[in-house]
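# Structural overview for review
Chain by chain, the residues run as shown.
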Amino acid sequence: MDSRYGARDNSAGDTLIAAAPFFQELPEATVQQATAQIVTRRHPAGQVLLLENDWGNSVYFILDGWVKIRTYNLDGKEVTLNILGKGELFGEMAPLEAVPRSTDVITLATTMIGSMPAQDFVSLLNSEPQAGIRLAKLMARRLRQVNRRLRLRESDSQSRVADVLLFLADGQGTQGAQGVEIPNLPHRELSSLSGLARETVTRVLSKLEKKGLISRERDVIRIPSIDDLDRLLV
Ligand SMILES: Nc1ncnc2c1ncn2[C@@H]1O[C@@H]2COP(=O)(O)O[C@H]2[C@H]1O
């Protein structure tokens, strides 16, 4: 990803970087230094930010918006592995392991991204144990998500859709007055995340809504009780 792929926009970026969970509780001087190293750009929806197998030496912070992590199965069918939102980072794997990018990354909405040279990111990890712990926690959560989805692979369609909603709530959910809110993604994305047909996803979502386990608005799906939805998993 370089300057061809998005309008440079550092005006709001500095505040967003300072507020990003990764930088919370780091010394102010460290946050200031990181802010100076990060270039912020706004990208339109549908823009390919990273391509699987490309080499890259930057790490990216999502300051606002959404990206999807995409790969392809052996039949060439698109598989959405995850959706990441504000506060998440991506693009750390290739530079840390000195290998090419493991997946594609594409914006799902207008998205503000801060990019940091990988060598600065590694220096930050070396100098701030707290930053290393943050990264370890983030990767632990991703592994937990993958384990959970593997466990549910043979489950019924209701459990699989519920699981996708729960893992989006875990990673991307924001607490509102009436429960946890997650983005109301296109059903094609939920279909790819759950490995179910789009029609099945649509049918299950309607069923969950009738049971009062979710409610839907144009942009958000609301989960009034995470525990109630979790109890559906078999
Ligand atoms: N299952 C996943 N969940 C969340 N993020 C992922 C997942 N797989 C890959 N990524 C991110 O997508 C990025 C693609 O480029 P990298 O391999 O450098 O680093 C990768 C991770 O940051």
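One numbering rule holds for all chains: residues counted from 1, following each sequence as written. In view of the model being predicted, local features appear only for residues whose pLDDT reaches at least 70, and side-chain atom pairs are presented and counted only at 80 or more, with totals across whole chains, interfaces and linings using the full set of residues. Side-chain numbers come from the whole structure's heavy atoms, not from hydrogens or water.

## Details of the packing of helix α7 (residues 187-194) against helix α8 (residues 198-210)
At a minimum axis separation of 8 Å, α7 and α8 run at an interaxial angle of 100°. Relative to α8, the element α7 lies roughly perpendicular. Residues H187, R188, L190, S191 and S194 of α7 touch α8, and the partners they reach there are R198, V201, T202 and L205. Under this scheme, a helix contributes an axis fitted over its contacting stretch, all axes are lines through C-alpha atoms, and angles between N-to-C directions fall in the 0 to 180 degree range. We count a stretch as a helix when DSSP gives it H or I for four or more residues in a row; a strand needs E for two or more, and each element gets its number in order from the N terminus. These descriptions rest on fixed angle ranges, namely under 35 degrees for roughly parallel, over 145 for roughly antiparallel, 65 to 115 for roughly perpendicular, and the rest for oblique. For this analysis, residues touch if any pair of their heavy atoms sits within 4.5 Å.

## Quick word on the sheet that holds strand β13 (residues 220-223)
Across the sheet, 4 strands lie side by side as β10-β11-β13-β12; this open sheet has antiparallel pairing. Strands at the two margins of the open sheet, each flanked by one partner only, are β10 (174-176) and β12 (215-216). Pairing of β12 with β13 involves 2 bridges; the strand directions are antiparallel. By the bridge assignment, R216 is partnered in β13 with I221. Only strands that DSSP links by at least two bridges are regarded as paired with each other.

## Section: the pattern of salt bridges
A side-chain nitrogen of Lys or Arg and a carboxyl oxygen of Asp or Glu constitute a salt bridge if their distance falls within 4 Å. The final tally for this structure, using the stated rule, is 16 salt bridges. A salt bridge links D104 to R70; the shortest N-O distance between them is 3.1 Å. In this pair, D104 sits in strand β8 (residues 104-107) while R70 sits in strand β5 (residues 66-72), placing the two residues 34 residues apart along the sequence. The buried label applies to any residue whose accessible area, calculated with a 1.4 Å probe on protein chains only, is under 20% of its type's maximum; exposed applies above 50%, and partly exposed to all values in between. What makes R70 buried here is its relative accessible area of 14%. R142 is the salt-bridge partner of E88, the closest N and O atoms lying 3.9 Å from each other.

## Topic: the side chain of Q47
Along the chain, Q47 turns up in the loop between β2 (39-43) and β3 (48-50). Under the relative-accessibility criterion, Q47 is labelled buried at 17%. The term polar contact refers here to a pair of N or O atoms within 3.5 Å; inside protein, the definition further demands a hydrogen-donor-capable atom paired with an acceptor-capable atom, and it admits residues adjacent in sequence only when both atoms are side-chain atoms. For Q47, the side chain forms a polar contact with the side chain of H43, separated by 2.7 Å.

## Quick notes on the pairing of strand β4 (residues 58-64)
When you tally the buried positions in β4, you get 6 out of 7 residues, the bulk of the element. Taken together, the 6 bridges between β4 and strand β9 (residues 111-117) define a ladder with antiparallel strand orientation. Note that in β9 the partner of V59 across the bridge is M116. Sheet topology note: the β4/strand β7 (residues 89-90) ladder contains 2 bridges and is antiparallel. Counted as the bridge partner of Y60 is F90 from β7.

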